[in-house]
Amino acid sequence: MTAVVRIARIALVGGRSDTLRIALTAFATALGTLAALAGATVMSIGYRSGGTQTTYSNALLNEPGLRPGVAATLVLLWVPVLFLAGQCARVGSPARDRRLAALRMAGATPGETACLVAGETGLASLIGALIAVTVYFAGRVALDNPDRYGRRPLPTDVLPPSWVFVFLLIAVPIFGALFAVVALRRVRLTPFGVTRRKQPRPPRLFPAFLLTFSVGGLVASGAVAKALPDGSTGWRLFVVATAALTITTGAGFAIGAASLSAFVGRLVASRATSASALVAARRLLADPWSSSRAAGALLVSVFVAAGVLGVRVCILAEIGAQNLANARAAALGGPGPSGTPSPVDPFYARAFDLVNLAGRAAVVIAAFAVLVATAEQIVERRRSFAALTAGGTPRVVLAKSVLVQVALPLIPGVVLATVAGFVGARAMLGWTASASAISGGTCAASPSLSASDAAPWCLDPGHTVIAHEVVVHLAPGMPWANLSLLAGGAIAGTLLLAMLSLMLLRRSCDIAELRAA
């Protein structure tokens, strides 16, 4: 207990930036822990006797086969949460490094300073995990609202096993501590300050080639899928290859954000007609990595959300095609005894609404990571801002340059991620939905059968002569409104959140900041 108190005291003695870093790290950890607890709760829903399928008002929770997908969707929120936690851990890092250097001068070893950083991050992660558990139990009571039939909107009547809570309370702080140690792997603390072993390399073109190859593979996957029979070995390999292409596309957006920032900065710097655009473009060229860490998570989230929209459109088109085929078959004489497919229930299409909601939540979390990254850049560049202000640059120009620096790589990146996600999903599932239905079937009963034996005989589809088969081809529509809302909302929301960071600009432009280390 004494060691924990000492770590907390050393962590908080640095100033407001260190307190803010611990609070933000705890907030990000709480979000991730809540997502994990929600997924564990969904997986804890067991079979119940007497009406299992009507326990909840949400049909997705009543279907055992869809619960793993719901839980996996909630766990996917960990991706933007990790990026947010990484940005939060960098807040106030210059002051922390100077404090650690002072400890080195007092006789601490590099291993001890690394353990101190790990203990600070682990303590913040533990606080976040405890907050998440508290909010979980409070929300479980507040959201428990069954209707008159006893159906609940959420699984507030079940709890994950107790070992899940113990595991999260132990694993989350340990993971946070390990994350902090890995983040310091390239930084060598000396008694005289912080030195880096090598300068960061400029972005390379490999992410662009990776992204182009992956998106091209996704687009071509639709033609390959039509040539492979279902259930064959080639089909299984195709599914694995498609999943790998999807992952590499997301990785291309994540690691390619820096390359995009450098490219856009170089393009705008040579054509800028305003001071704010010139300052933003030069900053992107000088340090494309700082703004791309959080932007990469945002682009991946938009890519996944756009892909879900594409899959949902294709599913709805298949449902519409099947219903239309059934209606036309009924108009031609009704379904025969061969077992015409019944109208497809749109229940499975509603499953994608939950995934879409999770994708939007991931976009919001990633936008908060961009806010933290922008605020961090303003604090780190306070000497540059103070020097520009002392040279006569208006503060309005500097504020515009901060927003332009966020917007320049953000706008083309979000558009590319939206197009790649939607087009990739549509190409994999096909550009046209097809369905068929049987109309006017007649029974080919044997003359030797009696009247009582003819009815079971005709129920066998193999004893039915198909008079007419209706085939419908339906082209899925384009969800322009949803795609515009996704891309425009991601851009507008990120810029609005980035405007909150301008509250730190007034202090960073103070002339006294020229003395900052």
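Residues numbered from 1 in each chain as written. Predicted model: local features only at pLDDT ≥ 70, side-chain atom pairs only at ≥ 80, totals over all residues. Heavy atoms only, no water.

Caption draft 1: Region of the structure containing the overall build of the chain. Along its length, the chain carries 18 helices and six strands. Looking at the 517 residues of the chain, the share that counts as buried comes to 43%. When contacts within the chain are restricted to residue pairs at least 6 apart in sequence, long-range pairs at least 24 apart make up 82% of them. (Helix = DSSP H or I, 4+ residues; strand = E, 2+ residues; numbered from the N terminus. Buried < 20%, exposed > 50% of the residue type's maximum accessible area, 1.4 Å probe, protein only. Contact = heavy atoms within 4.5 Å.)

Caption draft 2: Helix α11 (residues 275-286), seen in detail. Between its first and last C-alpha atoms α11 spans 16 Å; for 12 residues at 1.5 Å apiece the expected length is 16 Å, and the two agree. All of the buried residues along α11 are Ser276, Ala277, Ala280, Ala281 and Leu284. Looking straight down α11, one finds that the buried residues subtend no more than 125° of arc, so they occupy a single side. (Expected span 1.5 Å × (residues − 1). Arc of directions from axis to C-beta.)

Caption draft 3: View of the packing of α11 against helix α15 (residues 395-429). Between α11 and α15, whose axes approach to 8 Å, the crossing angle comes to 55°. With respect to each other, α11 and α15 are oriented oblique. By crossing handedness, the relation of α11 to α15 is classed as right-handed. Facing Ala275, Ser276, Ala277, Val279, Ala280, Ala281, Arg283 and Leu284 of α11, the residues of α15 in contact are Val397, Lys400, Ser401, Val404, Gln405, Leu408 and Pro409. (Axes fitted to C-alpha atoms, helices over the stretch in contact; angles between N-to-C directions. Parallel < 35°, antiparallel > 145°, perpendicular 65-115°, else oblique. Left-handed = near helix turned anticlockwise from the far one by under 90°.)

Caption draft 4: Structural detail: the pattern of salt bridges. Taken as a whole and judged by the stated rule, the model has one salt bridge. Taking the shortest distance from any N to any O, the salt bridge between Asp144 and Arg152 comes out at 2.6 Å. (Salt bridge = Lys/Arg side-chain N within 4 Å of Asp/Glu carboxyl O.)

Caption draft 5: Main features of a nonpolar patch on the surface. Nonpolar side chains collect at one region of the surface, where Val166, Ile170, Ile174 and Leu178 lie side by side and expose about 380 Å² of accessible area between them. Relative to the helices and strands, Val166 resides in helix α8 (residues 162-183). (Patch = residues over 30% accessible without salt bridge, like charges linked within 9 Å, V, L, I, M, F, W, Y side chains within 5 Å. Areas by Shrake-Rupley, 256 points an atom, 1.4 Å probe, with all protein chains shown as cover.)

Caption draft 6: Highlighting the nonpolar core. Formed by 39 residues in total, the largest nonpolar core has its most connected members in Leu84, Phe253, Leu298, Val302, Val414 and Leu486. When contributions to this core are tallied by element, the ones reaching two or more residues are α5 (78-89), α10 (233-269), α12 (288-331), α13 (347-380), α15 and α17 (480-500). It is α12 that provides the largest number of residues to this core, a total of 11 residues. Among the nonpolar cores identified, the runner-up in size contains 10 residues, and Leu37, Ala40, Val164 and Val172 belong to it. (Core = buried A, V, L, I, M, F, W, Y, C linked by side-chain atoms within 4.5 Å.)

Caption draft 7: Up close: the packing of aromatic side chains. Applying the stated rule across the entire model yields four aromatic pairs. Ring geometry for Phe137 versus Phe165: centroids 5.4 Å apart, planes at 25°, classification stacked. Residue Phe137 is found in helix α7 (residues 110-142), and its partner Phe165 is found in helix α8; the two are separated by 28 residues along the sequence. With relative accessibility at 10%, the residue Phe165 sits in the buried group. (Phe/Tyr/Trp six-rings, centres within 6.5 Å; stacked < 30°, edge-to-face > 60°.)

Caption draft 8: Fine view of α17. Over its 21 residues, α17 runs 30 Å from end to end, which matches the ideal 30 Å to within 8%, given 1.5 Å per residue. Along α17, the positions that sit buried rather than exposed are Leu483, Leu486, Ala487, Ala490, Ile491, Thr494, Leu497 and Ala498.

Caption draft 9: Expanded view of the side chain of Thr374. The residue Thr374 is located in helix α13 in this model. For Thr374, a relative accessible area of 5% translates into the label buried. A distance of 2.8 Å separates a polar atom in the side chain of Thr374 from the backbone oxygen of Val370. In contact with Thr374, not counting residues within four places along its chain, are Val402, Val406, Ala498 and Ser501. (Polar contact = N/O pair within 3.5 Å; in protein donor to acceptor, adjacent residues only side chain to side chain.)

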